[in-house]
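The lines below spell out each chain.
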Amino acid sequence: MAVDELQAIIQRCQILEESDFKGEDFNLFQVAGQKCLEDGYAAQLLEVIQNEKNKVIIKNMGWNLISPLVRCIFMYKQDDDKREHCLRILDQLAQLCNPKELFLGLLEQIEQTSGEQVCQTVLLLLQPLQTVLLKLQNKKAYSVGLSLAMIMNQLTPLPVPYTKQQIQEDKFGLCQCCNAVVDFAKPFVNEVVKNMEKSSEYNDMELKEELLKFCMKSLKYPLLTAQLEQLEGIEEHPFRHFATEIIDILWNIRELIPLVFLHHKSKSPHWENQEFEDMEQKNSADSLACLSYLVFVQHFGIKCFPVVFSPSYLLLRNMTHIEVLLKRTEESMLSKGLDLLESSLLRMEDNSLLHHYLEFRDFINVPQDLVKIMTLCPMEHMRKKSLSVLQLFIDKFDTEGKYTLFRCLLKTSNHAGVEGYIIKNIKDQIHLSLTKEYDNIWFTGHHLISLLDLVLSLPEGAETDLLQNSDRIMASLNLLRYLVIKDCESDNQTGVWTTLAKIEQNFLKPLRVGLNMSKAHYEAEIKNKKDNRKEAHSSNTVCSVTVSGEKMPAMTTGMQLQVLHSALFTFDLIESVLARVEELIEVKIKAVMDDN
């Protein structure tokens with residue numbers, strides 16, 4: 001019987017001195033203890049462990065029971081007495097075993113778990129692990145850091161619940177586990193705080209650094225990925241609670257403000273491998289970006305900050321983090337980047353951001369990232385949000401800043417729709433310049449003429465793909481029509497009349513030639529399709545179309561004709577606006593000649 005075997009081993013070891021225990025004794029104790037657990041004699045094993053006479057034996061050998069003990073706890077149901085006995089054994093081992101040996105045994109058990117049992121195992125072993133760490137005298141900081149790192153590494157592969165339903169279900173137990181890990185860390189945070197209060201020159205930085213590393217890892221996972229908006233029907237959002245606790249730890253160990261404003265981070269190891277070094281920097285950048293989002297969008301810990309920072313300074317500090325988030329493709333991170341930028345901009349008055357800020361690399365990169373989201377992101381709500389934030393970004397700059405930004409985006413966007421949108425913004429600024437009393441040198445005179453050289457031109461002259469560039473061309477024609485109507489030749493505030501010959505040479509004439517060629521080509525294509533359809537006596541003929549290397553669904557001849565007619569309609573629209581512009585120019589010039 002398993003209990004008899006265990007008792008025999010215990011009796012043999014009771015007469016030995018602690019120093020006389022051999023490897024064979026450890027093995028026999030482990031095998032007999034494991035058999036007791038597996039055969040259902042947990043109550044008897046508990047009695048053996050609680051027996052004062054066996055204190056030395058349990059101190060040295062008890063940690064070997066951790067692995068079979070955890071297996072048995074998961075095997076029994078919640079209301080089973082045997083499970084309760086196993087839990088009491090675990091508690092006794094935490095109190096009686098050699099702290100160093102038990103610490104390694106518990107960590108090994110956490111390391112070996114995987115899949116759906118990760119959170120269950122962590123939740124089960126956190127309390128005994130905390131008990132053991134509090135008893136350690138040597139290398140406590142290292143051991144605490146190792147424990148937190150091991151736990152976070154095991155949790156990281158788990159998917160982060162994102163929707164309301166996923167958070168409520170908490171399939172893998174991640175929400176519960178994250179908040180339990182924070183509770184696990186609290187005694188060590190209190191220890192650091194207590195030591196810092198005792199001495200203003202607190203020099204034992206090891207434990208503080210380990211806690212800081214834990215916070216940085218928590219910011220990257222799960223908080224960077226998590227949905228952190230208030231959700232109706234969830235009284236206490238688990239990730240919002242977790243975020244609050246992480247911010248509190250950073251504040252208590254006096255690292256919150258340095259992280260937000262000085263970009264200080266924990267001492268990173270020096271990696272000889274450049275790939276590891278780059279990964280460490282990327283992880284740190286992700287964590288700091290998430291921290292800024294928590295503080296400035298969700299307002300966690302915002303009361304800790306002095307109200308002395310100008311909105312433009314806060315925007316400047318956040319732009320690096322915004323750029324990090326906008327370069328990601330995951331919805332949770334993209335939305336955090338857009339929200340952080342929007343929140344930073346809304347604090348500012350329109351036209352208050354000085355053009356000098358565009359000398360910072362981030363202020364040029366971020367609008368370009370917004371353009372990429374607007375044009376490439378598969379999520380429609382993200383594209384719309386990006387467009388509204390870009391407009392907000394434009395609105396905050398002074399006139400010189402807007403001018404510089406427009407030039408930059410016209411040269412870099414490589415997207416006709418975006419270029420058309422920027423040209424509309426240029427038209428709005430010209431309108432303000434012409435209707436306000438004060439002079440605006442950036443959207444009138446020689447500065448505007450320089451900008452019009454970019455706007456009123458065709459990328460490839462008469463051979464430009466007019467269909468592909470229709471948005472830009474229509475916006476350019478509408479701008480030119482506005483200038484001709486609004487700015488009299490006698491005033492010539494915009495300078496458009498001075499440069500009219502150049503505009504006709506570089507824009508209007510090539511556009512007219514291009515329209516004639518494009519219309520002739522598409523009309524010929526329509527005639528060919530119709531002739532082919534008559535010959536085939538069917539409209540169900542299909543053809544394959546390839547876009548960007550991907551084969552699109554087959555198109556019938558009828559569908560192809562519909563596309564061709566749509567293109568002709570676009571050309572007619574461009575031609576009608578072009579004709580109106582040419583007519584206005586002719587009328588204005590004739591009127592001036594008549595006056596003369």
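If you're wondering where the values come from, they're calculated on a predicted model, not measured in any experiment.

Thresholds applied
Residues numbered from 1 in each chain as written. Predicted model: local features only at pLDDT ≥ 70, side-chain atom pairs only at ≥ 80, totals over all residues. Heavy atoms only, no water. Helix = DSSP H or I, 4+ residues; strand = E, 2+ residues; numbered from the N terminus. Contact = heavy atoms within 4.5 Å. Areas by Shrake-Rupley, 256 points an atom, 1.4 Å probe, with all protein chains shown as cover. Expected span 1.5 Å × (residues − 1). Buried < 20%, exposed > 50% of the residue type's maximum accessible area, 1.4 Å probe, protein only. Salt bridge = Lys/Arg side-chain N within 4 Å of Asp/Glu carboxyl O. Phe/Tyr/Trp six-rings, centres within 6.5 Å; stacked < 30°, edge-to-face > 60°. Lys NZ or Arg CZ within 6 Å of the ring centre and 35° of its normal. Axes fitted to C-alpha atoms, helices over the stretch in contact; angles between N-to-C directions. Left-handed = near helix turned anticlockwise from the far one by under 90°. Nonpolar A, V, L, I, M, F, W, Y, C, P; charged D, E, K, R; others polar. Polar contact = N/O pair within 3.5 Å; in protein donor to acceptor, adjacent residues only side chain to side chain. Parallel < 35°, antiparallel > 145°, perpendicular 65-115°, else oblique. Core = buried A, V, L, I, M, F, W, Y, C linked by side-chain atoms within 4.5 Å.

Some thoughts on the overall build of the protein
1) Next: For the protein, the helix and strand inventory stands at 25 helices and 2 strands.
2) Next: Here the contacts in the protein between residues at least 6 apart in sequence split such that 75% fall between residues at least 24 apart.
3) Next: Here the protein displays about 30300 Å² of accessible surface, and carbon together with sulfur accounts for 50% of that area.

What to know about the environment of Gly301
1) Next: Mapped onto the secondary structure, Gly301 falls in the loop between helix H15 (274-296) and helix H16 (311-326).
2) Next: With 58 residues separating them in the primary sequence, Gly301 and Ala243 have C-alpha atoms 9.8 Å apart.
3) Next: If we skip the residues at most four places from it in the chain, Gly301 touches Ile247 and Leu256.

Quick look at helix H12 (residues 206-223)
1) Next: Compared with the 26 Å implied by 1.5 Å per residue over 18 residues, the 25 Å span of H12 between its first and last C-alpha is a close match.
2) Next: With respect to burial, H12 is a largely interior element, 14 of its 18 residues being buried.

Remarks on unusual backbone geometry
1) Next: Cis rather than trans, the peptide bond between Tyr221 and Pro222 has omega equal to 10°.
2) Next: Despite not being glycine, Arg254 has its phi angle at roughly 65°, a positive value.
3) Next: If you trace the backbone, Arg254 turns up in the loop between helix H13 (238-252) and helix H14 (256-262).
4) Next: For His299, which is not glycine, the phi torsion reads 65° and is therefore positive.
5) Next: By the element assignment, His299 lies in the loop between H15 and H16.
6) Next: You can call His299 partly exposed: its relative accessible area is 45%.

Focus: the pattern of salt bridges
1) Next: Throughout the structure, instances matching the rule amount to 27 salt bridges.
2) Next: One salt bridge connects Asp286 with Lys282, and the closest N-O pair in it is separated by 3.2 Å. With a gap of 4 residues between them, Asp286 and Lys282 both fall in helix H15, about one helical turn apart.
3) Next: According to the relative accessible area criterion, Asp286 is buried, its value standing at 3%.
4) Next: A residue is classified by how much of its surface remains accessible, and Lys282, at 43% relative accessible area, is partly exposed.
5) Next: In this structure, Asp286 engages Arg328 in a salt bridge whose closest nitrogen and oxygen atoms are separated by 3.1 Å. Remark: Arg328 occurs in the loop between H16 and helix H17 (331-346) and Asp286 occurs in helix H15; sequence separation between them is 42 residues.
6) Next: For Arg328, a relative accessible area of 18% gives the class buried.
7) Next: Shared partners join several salt bridges into a network, and the residues in it are Lys220, Lys282, Asp286, Arg328 and Glu330.

Details of the packing of aromatic side chains
1) Next: Summed over the entire model, instances satisfying the criterion amount to 16 aromatic pairs.
2) Next: Ring centres of Phe393 and Phe397 lie 5.2 Å apart, and the angle between their planes is 75°; this geometry places the pair in the edge-to-face category.
3) Next: Every member of this aromatic cluster is reached through a ring pair, and the members are Phe261, Phe296, Phe305, Phe309 and Tyr313.
4) Next: Above the plane of the ring of Tyr482 lies Lys427, whose end atom (NZ or CZ) is 5.2 Å from the centre.

Regarding the packing of H16 against helix H18 (residues 361-376)
The description of two helices packed together rests on the angle between their axes and the distance between the axes.
1) Next: It is the contact of H16 with H18, at a shortest axis distance of 9 Å, that shows an interaxial angle of 35°. Regarding H16 and H18, the two cross each other, and that crossing is left-handed. Residues Leu315, Leu316, Met319, Thr320, Ile322, Glu323 and Leu326 of H16 form the contact with H18, whose own contacting residues are Arg361, Asp362, Phe363, Asn365, Val366, Asp369, Leu370 and Ile373.
2) Next: In the contact of H16 with H18, the residues fall into 9 nonpolar, 2 polar and 4 charged.

Quick look at the side chain of Ser292
1) Next: In this fold, Ser292 is placed in helix H15.
2) Next: Within the structure, the side chain of Ser292 is placed 3.2 Å from the side chain of Asn318, a separation counted as a polar contact.
3) Next: When sequence neighbours within four positions are dropped, the list of residues in contact with Ser292 reads Val297, Asn318, His321 and Leu340.

A closer look at the packing of helix H3 (residues 42-50) against helix H6 (residues 81-96)
1) Next: Packing of H3 against H6 brings their axes to within 9 Å, and their N-to-C directions diverge by 20°. If you check the angle between H3 and H6, you find them roughly parallel. Crossing of H3 over H6 shows left-handed handedness. Contacts between H3 and H6 pair Ala42, Ala43, Leu45, Leu46, Ile49 and Gln50 from the former with Lys82, His85, Cys86, Arg88, Ile89, Gln92, Leu93 and Leu96 from the latter.
2) Next: Taken together, the residues of the contact of H3 with H6 sort by class into 9 nonpolar, 3 polar and 2 charged.

Details of the side chain of Thr121
1) Next: For Thr121, the location among the structural elements is in helix H8 (residues 117-135).
2) Next: Leaving out residues up to four positions away in the same chain, Thr121 has contacts with Phe74, Gln109, Ile110 and Thr113.

Structural notes on the nonpolar core
1) Next: By size, the foremost hydrophobic cluster in this structure holds 186 residues, and its most contacted members are Leu155, Phe214, Leu294, Leu341, Leu477 and Leu511.
2) Next: Among the elements that make up this core, the one with the highest residue count is helix H11 (residues 174-198) (14 residues).
3) Next: Look past the residues within four positions of Leu477 in its chain and what remains in contact with it is Phe507, Leu508, Leu511, Ile574, Val577, Leu578 and Val581.

A look at the environment of Leu477
1) Next: Mapped onto the elements, Leu477 comes out in helix H23 (residues 470-486).
2) Next: In this structure, the C-alpha to C-alpha distance between Leu477 and Leu508, residues 31 residues apart in sequence, is 9.0 Å.

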